[in-house]
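# Notes for the structure review
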Amino acid sequence: MFRFRPNAHARSGTIERVLFFGLSWLVVGGGWAISSPSLAKSPLAAAAMSVPVKPDPEGLLIEVYKDLAANHLRAAQLKADALVESYPNFRLGHLIRGDLLLMHTQRVATFGAVKGAEDKLKNLREEAMVRLKSLRERPDPDLVPRSVLQLREDQKHVLVVDAKRSRLYVYENHGGQLRLATDYYISQGKLGINKVKAGDQKTPIGVYYITSRLSGARLPDFYGIGALPINYPNEWDKLNGRSGSGIWLHGTPPDSYSRPPLSSDGCVVLTNPDLNKLINSIEIGTTPVIISEQVEFVNKTKWANDRNMAVKLVDEWRRDLESMDYKRLIGNYSRQFKSERGEDLATWFGKQQPFFSSVKNMSVKLRDATFFLYPGRDDLIVGTFTEDALVGKSRNSSIRKRQYWTKEGSEWKIISETNL
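In this report, the structure presented in the accompanying data block is examined.

Criteria and thresholds
Residues numbered from 1 in each chain as written. Predicted model: local features only at pLDDT ≥ 70, side-chain atom pairs only at ≥ 80, totals over all residues. Heavy atoms only, no water. Helix = DSSP H or I, 4+ residues; strand = E, 2+ residues; numbered from the N terminus. Contact = heavy atoms within 4.5 Å. Areas by Shrake-Rupley, 256 points an atom, 1.4 Å probe, with all protein chains shown as cover. Pairing = 2+ DSSP bridges. Axes fitted to C-alpha atoms, helices over the stretch in contact; angles between N-to-C directions. Parallel < 35°, antiparallel > 145°, perpendicular 65-115°, else oblique. Left-handed = near helix turned anticlockwise from the far one by under 90°. Nonpolar A, V, L, I, M, F, W, Y, C, P; charged D, E, K, R; others polar. Buried < 20%, exposed > 50% of the residue type's maximum accessible area, 1.4 Å probe, protein only. Phe/Tyr/Trp six-rings, centres within 6.5 Å; stacked < 30°, edge-to-face > 60°. Core = buried A, V, L, I, M, F, W, Y, C linked by side-chain atoms within 4.5 Å.

## Structural notes on the overall build of the protein chain
Along its length, the protein chain carries 13 helices and 20 strands. Looking at the protein chain alone, contacts between residues at least 24 apart form 63% of all its contacts between residues at least 6 apart. About 19,700 Å² of surface is accessible on the protein chain, with carbon and sulfur atoms providing 52% of the total.

Next up, the structure:
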């Protein structure tokens, strides 16, 4: 079951007031009016502006709405001033500040009351709503993302993208246990998620890995301070005929602090400051990126049960491989099996038979295993591991392998297998 735990402000009731006044203001209107002729910055606020460490923009955003909900309009104005001074290219901050200034002369009954292109105002309203909602709803620390079943010891972080909430969660791996480290606002494809083909302006759903790091100096300004490409299309995408390329996590151009929730051609877009921090949390080739329509969070008992099931499946396959019993081993595979080259089970397995006929004994060990429940699915597990085999007394081999297991009725079967 998925649930979020409200943060400390929400537990005290403050956020409910903020969301009632703030989000209802965004959606259906309400309106405040400022009667005072002007709002000058206080010496304390001016001193705060001289501090070189920039304030968190989302923190300031929620503080503005908290002040509005409490009718502390002067404090809200000062924080909006601080927001745009610290982040002059934060268009949402300017819009909020513009509304506050407009309250000097008239009643404001809707978010984005200043004049402007309606499509741009709509984008900013949507960004404000998802930002405020994510600040109100924080992942429960007692729950974990269901998709991430097991990481390797050297995988220090996993990135979990929740498209519905326009959020990227960074989880740390502490001895096999996941702990939320931080999270960031993100933008995704103009037409949403579940990419199928090149040019469809959708963000893919699946289990991916960071493949490289591109510095901003090598890229057009459009990508901001840099980019982190991922391996879309992965093996599963290719087997299902999904096409396209160039899906990156990247930043924003210098004139834009952030982009609307639905605004990319399929990439995951962060603000430049957030991307800069994220870069320190990734390892090239090993950091997984899980992209979901909506992240499902489960308690640790459910998570452990799913993980143990995945481990058991692969270990039973290992024992059948080690037995050198052809019939036992093939029983692990689906009749719908396809290799990375599109071969069916009979063709692909036929290529393995000469090896079985030439080997009399073999011991197999598996290490460095990772397991993921494919995002949005209960019936697909992807496992990756290194297979160490000792054939006879002297022939050693190590192969990095990836398997996709699908549930067929009450049984799990391998539907695809790739040597990496």
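## What to know about the sheet that holds strand β19 (residues 395–408)
Taken together, the five strands give an open sheet; going across it, the order is β4-β17-β18-β19-β20, and neighbouring strands pair in antiparallel fashion. The outermost strands of the open sheet, each flanked by one partner alone, are β4 (148–150) and β20 (411–419). Strand-to-strand twist in this sheet, taken as the mean axis angle between neighbours without regard to direction, amounts to 30°. Here eight bridges tie β19 to β20, and the two strands are oriented antiparallel to one another. By the bridge assignment, K407 is partnered in β20 with W412. Strand contacts of helix α10 (residues 300–323): β4, β17 (362–373), β18 (380–391), β19 and β20, with the helix running at about 155° to β17, the strand carrying the most contacts.

## Section: the packing of helix α4 (residues 57–69) against helix α6 (residues 91–102)
Packing of α4 against α6 leaves a shortest axis separation of 11 Å and a crossing angle of 20°. When the interaxial angle is binned, α4 and α6 end up roughly parallel. For the pair α4 and α6, the sense of crossing is left-handed. Judged by residue contacts, L61, V64, Y65 and L68 of α4 engage L92, I96 and L100 from α6. A breakdown of the residues in the contact of α4 with α6 according to their chemical character gives seven nonpolar, no polar and no charged.

## Describing the side chain of S166
For S166, the position within the fold is in the loop between β5 (157–162) and β6 (167–174). Among all residues touching S166, those that are not within four sequence positions of it are V130, Y184, Y185, I186, Q188 and P261.

## What to know about the pairing of β20
A large share of β20 lies buried, amounting to seven of its nine residues. In this antiparallel pair of consecutive strands, β19 and β20, the connection spans two residues, and G409 shows a positive phi of 70°.

## Section: the packing of aromatic side chains
Here the structure, examined in full by the defined rule, presents 16 aromatic pairs. Between Y208 and Y232, the ring centres sit 6.1 Å apart and the planes meet at 65°, which makes this aromatic pair edge-to-face. Within this pair, whereas Y208 is found in strand β9 (residues 206–209), its partner Y232 is found in the loop between β11 (226–229) and α8 (235–239), the two being separated by 24 residues in sequence. Accessibility assignment for this pair places Y208 and Y232 in one class, buried. Ring plane angle 25° and centroid distance 5.4 Å describe the contact between W236 and Y404, whose orientation is recorded as stacked.

## What to know about the nonpolar core
Across soluble globular proteins, nonpolar side chains show a tendency to be buried alongside one another. V148, V158, W317, Y333, M362, F372 and W405 are the most contacted members of the largest nonpolar core, which has 51 residues in total. Among the elements that line this core, the one with the most residues is α10, at seven residues. With near-sequence residues (within four places) excluded, V158 lies in contact with V148, L151, Y169, V170, Y171, L178, P288 and I290.

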